[in-house]
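Spelled out from the first residue to the last, the chains are:
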Amino acid sequence: MRHGPRSLGRRCRRGRHSRRGARVTAGRIAVVTGASRGAGKGIALALGATGATVYVTGRTNVEGQSPLPGTVFETAEEITRRGGTGVPMVVDHADDAAVAELFERVAADHGRLDILVNNAITLPGALTRKGPFWSKPLALTDLFDVGMRSNYVATYYAAPLLVANGSGLVVHTSSFGGTCYMHGPAYGAGKAAVDKMAHDMAVDFKEYDVAVVSLWMGLLKTERTLAAFAVDPAMYAGMAAAAESVEFPGRIIAALADDPDRMRRSGQVLIGAEVAVELGVVDTDGHQPPSHRPFLGDPPSFSAAVVD
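Thresholds, definitions, all that
- Residues numbered from 1 in each chain as written.
- Predicted model: local features only at pLDDT ≥ 70, side-chain atom pairs only at ≥ 80, totals over all residues.
- Heavy atoms only, no water.
- UniProt positions renumbered as here; feature names shortened; annotations may be inferred.
- 1 Å grid on protein atoms, 1.4 Å probe; cavity = no way out; pocket = protein on both sides within 12 Å on 5 of 7 lines; lining within 4 Å.
- Points joined across faces, edges and corners; volume = space filled by probe spheres on them.
- Nonpolar A, V, L, I, M, F, W, Y, C, P; charged D, E, K, R; others polar.
- Patch = residues over 30% accessible without salt bridge, like charges linked within 9 Å, V, L, I, M, F, W, Y side chains within 5 Å.
- Areas by Shrake-Rupley, 256 points an atom, 1.4 Å probe, with all protein chains shown as cover.
- Salt bridge = Lys/Arg side-chain N within 4 Å of Asp/Glu carboxyl O.
- Helix = DSSP H or I, 4+ residues; strand = E, 2+ residues; numbered from the N terminus.
- Buried < 20%, exposed > 50% of the residue type's maximum accessible area, 1.4 Å probe, protein only.
- Phe/Tyr/Trp six-rings, centres within 6.5 Å; stacked < 30°, edge-to-face > 60°.

Per an unreviewed UniProt entry, the chain goes by the name SDR family NAD(P)-dependent oxidoreductase and belongs to Gordonia asplenii. For the record of the chain, the UniProt heading Sequence similarities (unreviewed entry) holds the text "Belongs to the short-chain dehydrogenases/reductases (SDR) family."

This is how it looks when you write it as structure tokens:
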């Protein structure tokens, strides 16, 4: 089973690269999950601004369906306005069959995939409520399904397209919650899992020149965060000043995709703000967001041992 995709991947690599690292930016095909709003929307817009075709997924197709603004159609339209091609896909990432259909659509349209960003996550309302985990609803474990398992499922169905492309990039959006206490054990376990998943997927993808990373984002100016800031602007002034735009991670991802040394980072957990400095990426307002490593800690380090 592995010999066919390997041969296909080698043929595509010769056709897609005229020299090491050279790529046709405007020809990228990307999928960004959970892109109705928040980080996913920002990432999709940043990738679209490079001229990419971006398939955006989410459950919200009509304004008002969610308490927060945004739909997959609005995100796709904005991508197109920015010079890319936005393709809205209403997908529930708890439904494996729907995810399979998403990638069947990409296969039918293009036969390949350059970038997959796994960002879809369930964020129960009680997640940030104070108190021990047993005082919160058991429904917090829903993020083990959409937010952990959904990363695996989406990458599973995307893999043949990434291999057919002959190179590519898979990004799991994550956070410092993978190693520090953040919102309790359900959130922490979910983030730690996708971090390790990136490391292990990188082993399987290595021979096909597909890089896999987990990207720790900082505090983002999402619709949810901005609403919280608005409750007490004075209290949150410091946090707001250090917060990243939702497009900042997308700018980093675009730079990672272009980096001729991207495979060097494959399998790693990356702090977005630090990679941005390395790759010369700034936020939409031109400033360089700080790394939260001094306060929240270091990314995990994984063993290089491989046991088949």
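Counted by the stated rule, this structure contains two cavities of 30 Å³ or more. Looking at the second largest cavity, its volume works out to about 40 Å³. Surrounding the second largest cavity, Asn118, Asn119, Ala120, Ile121, Gly147, Asn151, Thr173, Lys191 and Val194 form its lining. Looking at the lining of the second largest cavity residue by residue, the class counts come to three nonpolar, five polar and one charged.

Okay, a nonpolar patch on the surface next. A cluster of nonpolar side chains, contributed by Tyr152, Tyr156 and Tyr157, occupies part of the molecular surface with about 350 Å² of accessible area. Within the fold, Tyr157 resides in helix 5 (residues 145–165). A residue is classified by how much of its surface remains accessible, and Tyr157, at 30% relative accessible area, is partly exposed.

Let us now look at the packing of aromatic side chains. Given two aromatic rings, their pairing is described by the distance between the two centres and the angle made by the two planes. Tallied over the full model, the rule gives four aromatic pairs. Taking 5.1 Å as the distance between ring centres and 90 degrees as the angle between the ring planes, the aromatic pair formed by Tyr156 and Tyr157 counts as edge-to-face. Arranged with centres 4.7 Å apart and planes meeting at 50 degrees, the rings of Phe176 and Trp216 form a pair that is tilted. Taken together, the residues span a long stretch of sequence, with Phe176 in the loop between strand 5 (168–174) and helix 6 (185–205) and Trp216 in strand 6 (residues 210–216) at a distance of 40 residues. Accessibility classification places Phe176 together with Trp216 in one group, the buried group.

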